[in-house]
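Take a look at the letters that make up each chain.
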Amino acid sequence: MSEGTSNSTHFGFKTVESDQKADLVAGVFHSVAAKYDIMNDVMSFGIHRLWKRFTIETAGARPGMKVLDLAGGTGDLTAKFSRLVGERGQVVLADINDSMLKVGRTKLRDLGVVGNVNYVQANAEALPFPDNHFDIITIAFGLRNVTDKDAALRSMQRVLKPGGKLLVLEFSKPQHEAMRKLYDLYSFKILPKMGEFIAQDAGSYEYLAESIRMHPDQDTLKGMMQNAGLEQVDYINMTDGIVALHRGYKF
C-alpha cells in the first residue's frame, strides 16, 4: 500500500497527517542547509563521497545526455554530472527545499559549474517535466523524506526516456547483527550530539536517524521500483548495507 493512500504517514518515529509531512521535512532541511555539507562529512567520516562516486560511475553519463539530480541538495552529484555531459548536455538540480537549492546554486557557481545546469524547485511526487525526457535520474538520500514514495517512483519513471536509468542511493538495512547494533548506537546516541555541537540542532539529526529506520529495506524498495514500472531492478549494498544503490531501467 502506498504511504499516501491513508491520511497519516511517518515523520521519523512519529505518526503525522500526510499533508503535514512535507512542511515538517522542509523545516528540518531549512534548519540544516547551511551546515549540510560539513555534517555529511562528519557523520559519515567522509565515506558519503565514496558512495556518491560509485553512483556517478554506475550512472554512466556521457556527453549530450540529460540528467535529473533529484533531491540534489547542495549539488555534489550535479557538479560531477555537469562535467560528464558537457556543453551539449543538461543537468537539472531539483529539490523541494528552496534553502537547499540556494546553498547548492551558490556552491556550484563558486566552483565554476555554470552553463549546463538548471535549478528547479520540485516535488518528487509530481515532477514538472515532460514524459520521456531524461537519460538518467538520480535521487541520493532523498527518497526517505518523500511522503508518497510510490507516487514519486511513478513520476520518475514517467519522465525517464525509454532506455533511461534510475539510481536511488539511500540508507538501508545493515546485513549483519553486529553492524546493526553498532549503527543503532551511533545513530541514536552519537549523531544527535554531533548535530547539537556542529549545527546547534540535535532534533533535526534525531529525525534523520529515525527516518532511515522507517525507510523500506532493500528488497521492499526493489519491489516498489518494479511496481512503478521499472525493469531489471537490482541493488548493490555498500558498507554492509548501511547504504544501498538501487538501479532500474525504463524500456
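For the structure, see preceding data.
The following paragraphs examine the structure supplied in this document. (Residues numbered from 1 in each chain as written. Predicted model: local features only at pLDDT ≥ 70, side-chain atom pairs only at ≥ 80, totals over all residues. Heavy atoms only, no water.)

1. With respect to the overall build of the protein chain
Filter applied, for reference: In DSSP terms, a helix is any run of H or I states spanning at least four residues, a strand is any run of E spanning at least two, and both are numbered starting from the N terminus. Only protein chains enter the accessibility calculation, which uses a 1.4 Å probe; a residue is then buried when its area is under 20% of its type maximum, exposed when over 50%, and partly exposed in between. Working rule for contacts: check all heavy atoms of both residues, and any pair within 4.5 Å makes them a contact. Only the protein chains shown count as cover for residues, and the accessible areas themselves come from Shrake-Rupley with a 1.4 Å probe.
Tallying secondary structure elements over the protein chain gives 9 helices and 9 strands in all. Out of the 251 residues in the protein chain, the part that is buried amounts to 54%. Within the protein chain, counting contacts between residues at least 6 apart in sequence, those at least 24 apart form 70% of the total. Accessible surface for the protein chain amounts to roughly 11,500 Å². Of this, 53% is attributable to carbon and sulfur atoms.

2. Some remarks on the sheet that holds strand β5 (residues 117-121)
We apply this condition: Paired strands, in this sense, are two strands between which DSSP finds at least two bridges. Whenever a helix is involved, its axis is fitted only over the stretch in contact; in every case the axis is a line through C-alpha atoms, and angles between N-to-C directions fall within 0 to 180 degrees.
Strand order in this open sheet of 7 strands is β5-β4-β3-β6-β7-β9-β8, and the pairing throughout is mixed. In this open sheet, the two strands that pair with only one neighbour each are β5 and β8 (231-238). With strand direction ignored, the average angle separating the axes of adjacent strands in the sheet is 15°. Packing of helix α4 (residues 76-85) onto the sheet brings it into contact with β3 (66-70), β4 (90-95), β5 and β6 (134-140), and relative to β4 it is tilted by some 165°.

3. Re the pattern of salt bridges
When the charged atoms of two side chains with opposite charge come close together, those side chains can pair. As a reminder, the rule being used: By definition here, a salt bridge exists when the distance from a side-chain nitrogen of Lys or Arg to a carboxyl oxygen of Asp or Glu is within 4 Å.
Here the structure, examined in full by the defined rule, presents 9 salt bridges. When the shortest N-O distance is used, the salt bridge between Arg-144 and Glu-170 registers 2.8 Å. Of this pair, Arg-144 sits in the loop between β6 and α6 (149-159) while Glu-170 is found in strand β7 (residues 160-171), placing the two residues 26 residues apart along the sequence. Summarising the burial analysis for this pair, Arg-144 and Glu-170 share the class buried. Glu-177 is the salt-bridge partner of Arg-180, the closest N and O atoms lying 3.1 Å from each other. Here Glu-177 and Arg-180 lie together in helix α7 (residues 177-199), a separation of 3 residues that amounts to about one turn.

4. Structural notes on the pairing of β7
Test applied: The path from the first strand over the helix to the second decides the hand: if it runs clockwise while the strands point away from the viewer, the crossover is right-handed.
Summarising burial for β7: 9 of the 12 residues are buried, a large majority. Between the parallel pair β6 and β7, the chain is carried across by α6, and the sense of this crossover is right-handed. Both β7 and strand β9 (residues 243-249) contribute to a ladder of 7 bridges, which runs antiparallel. Paired with Glu-170 across the two strands is Ala-244, which belongs to β9.

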